[in-house]
Amino acid sequence: MKIDFEKIFIETEALMRGHFILSSGKHSDTYFQCAKVLQYPKYLNLFAQELYKKFEKLNFDKVISPAIGGIVLGTEVGRRFDKRTIFCERESGKMSLRRGFSIERGEKILIIEDVLSTGGSIKEVINLITILGGEVIGVGVVVDRSIEPVMVHKNFHSLCSLKASIFDKSHIPEHLKNVEPIKPGSNIL
């Protein structure tokens, strides 16, 4: 059975239309608030199971997610694999491990995130893992909303692709210029 992800996002009011500022600082007329859909156990379970199937043949040590969007999903994916699950968060504007989390040299890491837009957060996590001596073995997301293909990892899987217009602050389309932008994400610019 093919999963109608867009229908699920609309049903849970996770697919929003308006004028939004993304965590990258870019603007969009569409926002995917995965937290709104992941609050429902049936969808959290569905998405985690689908990501589990994408990576079930891999051998890895930990699951990591960028805070805050990927934490719930990453934890559920980690539970399915019976693997430790950690998350990174911004400290002074940079992704870092806090709360006693660590990555040991040679550990194989699976990254789980909710949404891919520009790939910036995922690339920061990959860089952090590399600096700490870990090895990224795959990246999984629920929604790929990039307007152009973003290469974050050779073993990248998204459950769905829902395209949205993304633009720079200096190139706001006429229909949005008088609409006050909101920033529904978790990062502070």
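The structure under discussion appears in the preceding block.
A brief report on the enclosed structure follows.

What counts and what doesn't
Residues numbered from 1 in each chain as written. Predicted model: local features only at pLDDT ≥ 70, side-chain atom pairs only at ≥ 80, totals over all residues. Heavy atoms only, no water. Core = buried A, V, L, I, M, F, W, Y, C linked by side-chain atoms within 4.5 Å. Buried < 20%, exposed > 50% of the residue type's maximum accessible area, 1.4 Å probe, protein only. Helix = DSSP H or I, 4+ residues; strand = E, 2+ residues; numbered from the N terminus. Contact = heavy atoms within 4.5 Å. Pairing = 2+ DSSP bridges. Right-handed = clockwise from strand over helix to strand, strands pointing away.

### Re the nonpolar core
Line of reasoning, step 1. In this structure, Phe 9, Phe 47, Leu 73, Leu 110 and Val 143 are the most contacted members of the largest nonpolar core, which totals 31 residues.
Line of reasoning, step 2. Per element, the largest residue contribution to this core is 6 residues, and it comes from helix α3 (residues 41–55).
Line of reasoning, step 3. Beyond its immediate stretch of four places on either side in the chain, Leu 73 contacts Leu 38, Leu 44, Phe 47, Ala 48, Leu 51, Ile 112, Glu 113 and Val 142.
Line of reasoning, step 4. Within the second largest apolar cluster, 20 residues are counted, among which are Met 95, Ile 111, Ile 122 and Val 141.

### Quick look at the pairing of strand β4 (residues 84–91)
Line of reasoning, step 1. Bridge count between strand β3 (residues 62–66) and β4: 5 bridges; the pairing is parallel. Within β4, the residue paired with Lys 62 across the bridge is Arg 84.
Line of reasoning, step 2. Assessed by its sense of winding, the connection that carries the chain from β3 through helix α4 (residues 71–81) to β4 is right-handed.
Line of reasoning, step 3. Here β4 runs beside strand β5 (residues 94–96); their pairing, made up of 3 bridges, is antiparallel. Its bridge partner being in β5, Arg 90 is matched across the sheet by Met 95.
Line of reasoning, step 4. Remark: 2 residues form the turn of the hairpin made by β4 and β5, two consecutive strands paired antiparallel; Ser 92 in that turn has positive phi of roughly 55°.

### Thoughts on the pairing of strand β7 (residues 135–144)
Line of reasoning, step 1. Counting buried residues in β7 gives 9 out of 10 residues, a clear majority hidden from the surface.
Line of reasoning, step 2. Examined bridge by bridge, strand β6 (residues 108–116) and β7 share 8 bridges and lie parallel to one another. Looking across to β7, one finds that Leu 116 is bridged to Asp 144.
Line of reasoning, step 3. As for the winding sense of the linkage, the β-α-β connection from β6 through helix α5 (residues 120–131) to β7 is right-handed.
Line of reasoning, step 4. Here 5 bridges tie β7 to strand β8 (residues 156–161), and the two strands are oriented parallel to one another. Pairing of Val 143 across the sheet is with Cys 160, part of β8.

Read these as geometric descriptors, not functional statements.
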